[in-house]
Amino acid sequence: MEELSIADHRLKTALDNRDRDLEAQMAKFDNKQNSLKERLDEINKKKLDTTEANLDVMGDDLVEINAGGKIIAAKRSTLTQLKG
């Protein structure tokens, strides 16, 4: 009977350790998720600020690029993935 009691105690200890480790990992993931959300918010704010600052920019604007001494003209919409 004592062996059963010892095994039960070991099992409970192992489960407690596993639960503690799981909670620690969950806390790390929550912190990382919050950090990523804050970073995404900052990026979206910068994107919005940039878009608002360039209201007079059109996709049909011609942009001239000096490529190795040769001037190339292209529409802004061709050079960018996002309009504006």
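Residues numbered from 1 in each chain as written. Predicted model: local features only at pLDDT ≥ 70, side-chain atom pairs only at ≥ 80, totals over all residues. Heavy atoms only, no water.

Let's shift gears to the overall build of the protein. Along the protein, the regular secondary structure elements total 2 helices and 2 strands. Its helices and strands taken in sequence order, the protein reads α-β-β-α from the N to the C terminus. (Helix = DSSP H or I, 4+ residues; strand = E, 2+ residues; numbered from the N terminus.)

Here the structure, examined in full by the defined rule, presents 4 salt bridges. For the salt bridge of Lys-12 with Asp-8, the shortest nitrogen-to-oxygen distance reads 3.5 Å. Taken together, the positions of Lys-12 and Asp-8, both in helix α1 (residues 2-53) and 4 residues apart, correspond to about one turn of that helix. We classify Asp-8 as partly exposed; its relative accessible area is 36%. (Salt bridge = Lys/Arg side-chain N within 4 Å of Asp/Glu carboxyl O. Buried < 20%, exposed > 50% of the residue type's maximum accessible area, 1.4 Å probe, protein only.)

Another aspect to go through is the pairing of strand β1 (residues 62-67). When you tally the buried positions in β1, you get 0 out of 6 residues, a small fraction of the element. The pairing of β1 with strand β2 (residues 70-75) spans 6 bridges and is classified as antiparallel. Residue pairing in the sheet places Ala-67 in a bridge with Lys-70 of β2. The turn joining β1 and β2, which pair antiparallel and follow one another in sequence, is formed by 2 residues; a positive phi near 65 degrees is taken by Gly-68. (Pairing = 2+ DSSP bridges.)

We now examine the confidence of the model for the protein. A residue-level look at the protein finds 89% of positions with pLDDT of 70 or above and a mean pLDDT of 88. Averaged over each element, pLDDT in the protein is lowest for helix α2 (residues 76-79) (82) and highest for α1 (93). (pLDDT = per-residue confidence, 0-100.)

Side chains of Leu-22, Met-26 and Phe-29 sit close together on the surface and give an oily, nonpolar patch of about 330 Å² of accessible area. Inspection of the secondary structure puts Leu-22 in helix α1. (Patch = residues over 30% accessible without salt bridge, like charges linked within 9 Å, V, L, I, M, F, W, Y side chains within 5 Å. Areas by Shrake-Rupley, 256 points an atom, 1.4 Å probe, with all protein chains shown as cover.)

What follows covers the environment of Glu-64. Along the polypeptide, Glu-64 turns up in strand β1. The spatial distance from the C-alpha of Glu-64 to the C-alpha of Arg-76 is 9.5 Å, given a sequence separation of 12 residues. Apart from residues lying up to four places away in sequence, Glu-64 is in contact with Ile-71, Ile-72 and Ala-73. (Contact = heavy atoms within 4.5 Å.)

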